[in-house]
Amino acid sequence: MNIDKALETVEQVILSRELSPIERLILRQSWVGRTYTEMSEASGYGSTYIKEIGSQLWNDLSTALGARVTKKNLHLVLSQYSEKTGLNSYKDERRVYLEDWVGESNSPELANHIEIEYPSSPVPLNSPLYINRPPIEELAYKEITKPGCVIRIKAPSKMGKSSLLSRILADATNKSYKVVSIDFQEADEAVFSTLDRFLRWFCVNVSRQLQLSPRLDDYWDEDMGSKVSCKIYFEAYLLESVEGTLVLSLNEVNRVFEHPKIAQDFLPMLRFWHELAQQAETWQRLRLVLVHSTEVYIQLKLTQSPFNVGLSLRLPQFTSFQLQDLAERYGLDWTEEETEQLMAMVGGHPYLINLAFYHLRTEGVTLEELLRTAPTQAGIYSHHLRGHWAILREDRELADALERAIAANESVQLDAIAAYKLESMGLVRLEGNLARVSCELYRLYFRQQIEKENKIDLPLYQPCSH
C-alpha cells in the first residue's frame, strides 16, 4: 500500500470524511517516518498544534478500527486492514476525481492526468497545484468570522496574494457572506485626481457588485465633505441594504500609495471604519481584506493607519519541502538535489518555481538546460525578466538602486521608496533597512543588462543566500 492509497482508505472507508490539510500532512509525514518536530520545521505549523491534531487523528482511527493506532504502527495497521478487507483491489465509485479536488493531496498519479496550464494567473480554486502555507490559510478563515475585522495580506508581485485572496473570498461565500472585490489597478488615472472623485468611484463600484443602484446624490453632501459622505453612504445605504456580513476586499492598495493626497485621507478612513465596529453593530458586519505588495511609504499617524490593526499575513517564499511537494503534484520524479539546484537559482519564489515545473513537465526540457539558460534571453524567464527591465529603464532611480544592490557584496541601504518599489516587484528582499537582491536569477540577468546599458563592469558579489 502506498501513501495515496492509504489516504484514500482512511478518508473513504475508515473515517468516511474528508481529512483536513493538516491531517493529510501528518499522515503523509508519519508514513515516511518523520517526527512531529520535523513536520513543524518543514511546514510552518507549530509543533504543539501538530501533536494535538495528530493525537486526535490517531484516536479517531483507533475508534473506527477497534484497534490502537499510533504514529509508529500506522503502516502495519493499515496494511493489515487492507489485506483483511480486500482493499488492494478496492475501487470505490466515490473516488475523488480531479475536477472536484481542491489540492491538498500531492499525488503524482492524479497530477499526470491533468492538463497543466501556463502559470500566468492565480491558481484556480479546484487546482491541485495550490500549495498551502500554513498557518496562513487557517488564520485567515478564522479571522474573517470576527466582527469588524481587518485582514492585511502583504507580499511582492507574483508571490500568490491573489490565489490566497480568492480562497479567503470563497471561504467567506461558503459562510453565506456577501463579497465585494475592488482592484485599484482597474481605476483610471483620472479617478485619483481628487478625493471626491475617488470615493465616488469607490462607492459606485461597491454598489454595482452588490447589484444595488448607485444613489450617491441622495447621500453626498459637499458641506460635510467626501469622507463623511462616503461613511454615510455605506452606513445608511449599503450596509442597510445587505443582510448579514459584507466582506470588502481591496486589492493592490499600493496603487493608492502612489497618490499621497488620496492615501492620506482614504487609509485613515478605513481605520476609522474598523474603530466604529468596536461600538456600532452596523459596522461590525463589515469585514475588510487589504492586499498590497509593498510597505506603506505614506506618512500616517499610528492612530490613523489601517496597517497596524487586525491580522497581518505576510506570504513567505516556498520552503524546500513545499517545492518538492509541488514537483510531485506536477507529476515530476524529483530529488532533493534537484530541489537544491532550483532553489539556488530562484529561491522559493512561487511563480518562478511554477514556471520551471511547467516547462519541465510539458516540454521535456532538462533541469540542467533550464538553469543554464535561465538568466538569458533564450531562457524560460525571458518574458518575465524583460517586463521588469522595461520598468527599470523608465525609472532611472529604481535602476540605480538595483545597480547598487547588485554591486554590493552584502545587504545595502537604499532610498526607502526605491527599496519599497523594488521589493513590490520582487527584485529585492528587505532585512530591516537593508536590501539584498532576492535571488541569483535576478542578480545574473540584471547585472548583464546594466553592464550593457552603462558600458561598465560591475564587481561580482556572492550569490544571495536562501
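For the structure, see preceding data.
A short tour of the structure in this document, coming up.

Here we come to the sheet that holds strand β4 (residues 286-292). Overall, parallel pairing links the 5 strands, which are arranged β2-β3-β4-β1-β5 in an open sheet. Every other strand in the sheet has two partners, leaving β2 (178-183) and β5 (311-314) as the edge strands with one partner each. Direction aside, neighbouring strands of the sheet carry axes that sit 15° apart on average. Pairing analysis gives 6 bridges linking β2 to strand β3 (residues 246-251), with the strands arranged parallel. When the sheet's bridge partners are listed, Ser181 is paired in β3 with Ser249.

With that settled, the discussion passes to the nonpolar core. Counting 55 residues, the largest nonpolar core has Phe357, Tyr381, Leu441 and Phe446 as the members making the most contacts within it. Dropping the residues within four chain positions of it, Phe446 is found in contact with Leu385, His388, Trp389, Leu392, Leu402, Ile406 and Leu427. Core analysis: the next-biggest nonpolar cluster, separate from the first, contains 50 residues, Tyr233, Leu250, Phe257 and Trp283 among them.

Any two side chains of opposite charge can pair, given that their charged atoms come close. Counted under the stated rule, the structure contains 18 salt bridges. A salt bridge links Glu235 to Lys231; its shortest N-O distance comes to 3.4 Å. With Glu235 and Lys231 both in helix α11 (residues 226-241), this residue pair falls 4 residues apart, about one helical turn. Here Asp325 and Arg329 are joined by a salt bridge, their closest N and O atoms 3.2 Å apart. Of the two residues, Asp325 and Arg329 are both situated in helix α15 (residues 320-329); the distance of 4 residues between them amounts to about one turn of the helix.

A word on the sheet that holds strand β6 (residues 412-413). With respect to topology, 3 strands assemble into an open sheet ordered β6-β8-β7, the strand pairing being antiparallel. Only two strands of the sheet have a single partner each, and these edge strands are β6 and β7 (428-431). With 4 bridges connecting them, β7 and strand β8 (residues 434-437) associate as antiparallel partners. Bridge pairing links Val428 to Val437 in β8.

Note on aromatic pairs: each is described by the distance of the centres and the angle between the planes. For the structure shown, the criterion picks out 20 aromatic pairs. A ring pair is formed by Tyr118 and Tyr358, whose centres lie 5.2 Å apart and whose planes are at 85°; its orientation type is edge-to-face. Here Tyr118, found in the loop between α6 (108-111) and α7 (136-143), pairs with Tyr358, found in helix α17 (residues 350-362); they are 240 residues apart in sequence, far enough to count as distant. By relative accessible area, which is 15% here, Tyr358 ends up buried. A centroid spacing of 5.4 Å and a plane angle of 80° characterise the contact between Phe202 and Phe266, whose relative ring orientation is edge-to-face. With a gap of 64 residues between them, Phe202 in helix α9 (residues 195-209) and Phe266 in helix α13 (residues 260-276) connect regions that are remote in the sequence. Across the pair, Phe266 and Phe202 agree in class, each one buried. Connected via pairs of aromatic rings, a cluster forms that spans Phe184, Phe192, Phe198, Trp201, Phe202, Phe234, Phe266, Trp273 and Trp283. Here the guanidinium or amino end of Lys71 rests over the ring plane of Tyr36, the centre of that ring lying 5.5 Å away.

This part covers the environment of Leu323. Following the sequence through the fold, Leu323 ends up in helix α15. In this structure the C-alpha to C-alpha distance between Leu323 and Gly347, which are 24 residues apart in sequence, comes to 10.0 Å. Those residues within four positions of Leu323 in sequence are excluded, and the remaining contacts are Trp334, Thr339, Leu342, Met343, Ile353 and Phe357.

Rules used throughout
Residues numbered from 1 in each chain as written. Predicted model: local features only at pLDDT ≥ 70, side-chain atom pairs only at ≥ 80, totals over all residues. Heavy atoms only, no water. Pairing = 2+ DSSP bridges. Helix = DSSP H or I, 4+ residues; strand = E, 2+ residues; numbered from the N terminus. Axes fitted to C-alpha atoms, helices over the stretch in contact; angles between N-to-C directions. Core = buried A, V, L, I, M, F, W, Y, C linked by side-chain atoms within 4.5 Å. Buried < 20%, exposed > 50% of the residue type's maximum accessible area, 1.4 Å probe, protein only. Contact = heavy atoms within 4.5 Å. Salt bridge = Lys/Arg side-chain N within 4 Å of Asp/Glu carboxyl O. Phe/Tyr/Trp six-rings, centres within 6.5 Å; stacked < 30°, edge-to-face > 60°. Lys NZ or Arg CZ within 6 Å of the ring centre and 35° of its normal.

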